Amino acid sequence: MSDVILETWDGPVTPVHALSEAGCAAALDADAFAAALAKSAEFKGKAGQVLLVPAADGTPGRVLMGLGPNPNDTGPFRGLPAKLPTGVYRIAESPEEISADQIALAFALGSYRFDRYKPAKGERPRLLAEGADVAEARQIAHACALARDMVNTPANDMGPRQIESIAREIAEQHAAQITVIEGEGLLEANYPAVHAVGRAADPHRAPRFIEISWGASDKPLVCLVGKGVVFDTGGLDIKPSAGMRNMKKDMGGAAHALALGRMVMAARLPVRLSVLLPVVENAISGDAMRPGDILASRKGLSIEVGNTDAEGRLILADALTRACELEPALTIDMATLTGAARIALGPQLPPYFTDDDELAGQIEAAARSENDPVWRLPLWKPYADALDSDVAEIKNDPDGWAQAGSVTAALFLQRFAPKGPWVHLDIFAWNPRGRPGFPSGGEAQAIRGLYRMIRERFA
């Protein structure tokens, strides 16, 4: 990713004119040759449209890019790399509403390719990012690429051990402390729910709890918690094949927590940071947890397992309890938790849940600034009764009458979350269809907005 946005360049550069529909019309009126090309290509300056206008000698001359009616939308800049031939470009004209930093980051994000198993052909186009903080854009783009790479990598190459290795590399890079508790050690360290979900996996894919600590002790503590289910069969309540197909992405919460933590540490924000990752495989074996089992939890609450496919909230319960013990100033948990969230809002708009209106306002403002959409859903207390169990203090599968599966999942987590500012994000981490700047597969959702929120909240 670092090679697609440049601070300096001595070779030929093709200018890009990013124009509104009206601006494109004016530019074409002044250039009969470009107007003829535009007519044949049906180029009208709509958002994301690109017109390559060669020079008289046939060499690259300039690029016209349509912004459509919204001058604040960075989406066309994110889609630009997929529409340009190899070369180096610079933005010669763009709206005042979009900064050079935003353009550089959008271009870098749109240049992402997952080519571990199928190398892409040809070099990517590059951008001479004049006036931009290239170092900052690279750091954010690298972190988002990390999350997307982790989600895209299949479970045979992205198991608990591989997530631990990535966490150790990030900790070493930023002089952070890291501890890892594995296998039967989880019982001794009082992470019984993490152990129960992951114990059915092969020993070389044993469950573990990863904790990264960074920053000075006199700074406010931010806890990032990420669900790390490297593959989810559903357990004994096994998923159908269609539901299991993309379950390599069920560790998306852990990938996002690592990526966001990396952004915070790279920018050396004035906070302390704890990244808490319960990492398991929800496998099937003779030692798998069963429907009807009663699990212990780190908080001491007994949990009835009504459905072994509602395992993510079980491991997050122990992780959020660990966050409570650290007394954070802010807790953020991220998880690919419920299909109900997708039914409510679809794949592109992750919901978030918090009772803290001030925090919600900060998240909304930062998300809008970064064009990193989220949508607040309610922690609707009347649904909490759906989690009552006849034989335990809480159960992991709500009664059907409540229906709102993403809400009841968030209410379950709230029973274990710290009492201070806390937000839960039910992310999808996936593009089910490709579009310019958003190839099908793993996607980094919400973390750019969350990074901005943390930076501004603790400035």
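Just above, that's the structure.
Parameters and conventions
Residues numbered from 1 in each chain as written. Predicted model: local features only at pLDDT ≥ 70, side-chain atom pairs only at ≥ 80, totals over all residues. Heavy atoms only, no water. Helix = DSSP H or I, 4+ residues; strand = E, 2+ residues; numbered from the N terminus. Rg over C-alpha atoms; globule rule 2.2 N^0.38 Å. Buried < 20%, exposed > 50% of the residue type's maximum accessible area, 1.4 Å probe, protein only. Expected span 1.5 Å × (residues − 1). Pairing = 2+ DSSP bridges. Contact = heavy atoms within 4.5 Å. Axes fitted to C-alpha atoms, helices over the stretch in contact; angles between N-to-C directions.

A. Broad picture of the overall build of the protein. Scanning the protein from terminus to terminus reveals 15 helices and 20 strands. Scaling as 2.2 N^0.38, a compact globule of 459 residues should have a C-alpha radius of gyration of about 23 Å, and the protein matches this with 24 Å. For the C-alpha atoms alone, the extent of the protein along its principal axes is close to 80 × 45 × 45 Å. When the 459 residues of the protein are sorted by exposure, 54% land in the buried category.

B. Quick look at the environment of Glu364. Along the chain, the position of Glu364 falls in helix H13 (residues 357–369). For Glu364, a relative accessible area of 25% puts it in the partly exposed group. The spacing of Glu364 and Val407 is 43 residues in sequence and 19 Å in space, taken between C-alpha atoms.

C. Helix H10 (residues 252–266), seen in detail. Here H10 spans 21 Å end to end across 15 residues, near enough to the 21 Å set by a 1.5 Å rise per residue. Downstream of H10 by one or two residues, Arg268 has phi in the positive range, about 50°.

D. Just the sheet that holds strand S3 (residues 50–54), in detail. Spatially, S1-S6-S5-S2-S4-S3 is the arrangement adopted by the six strands of the open sheet, whose pairing is mixed. Either end of the sheet is taken by a strand with one partner, and the two such strands are strand S1 (5–6) and S3. Judged from the five bridges that link them, S3 and strand S4 (residues 60–66) form a sheet pairing that is antiparallel. Following the sheet pairing, Leu52 is matched in S4 by Val63. Its contacts with the sheet place helix H1 (residues 21–29) against strand S2 (14–19), S3 and S4, and it is angled at close to 125° to S2. Sheet strands in contact with helix H2 (residues 32–41) are S3 and S4, and its direction is about 140° off that of S3.

E. Structural detail: the sheet that holds strand S12 (residues 294–295). Here we have three strands laid out as an open sheet, ordered S12-S13-S17, and mixed in their pairing. The open sheet terminates on both sides in strands that have one partner only, identified here as S12 and strand S17 (394–395). In this sheet, S17 lies alongside strand S13 (residues 303–304) in parallel orientation, the contact comprising two bridges. Paired with Glu304 across the strands is Lys395, a residue of S17.

Scope: geometric values only; no functional claims are made or implied.
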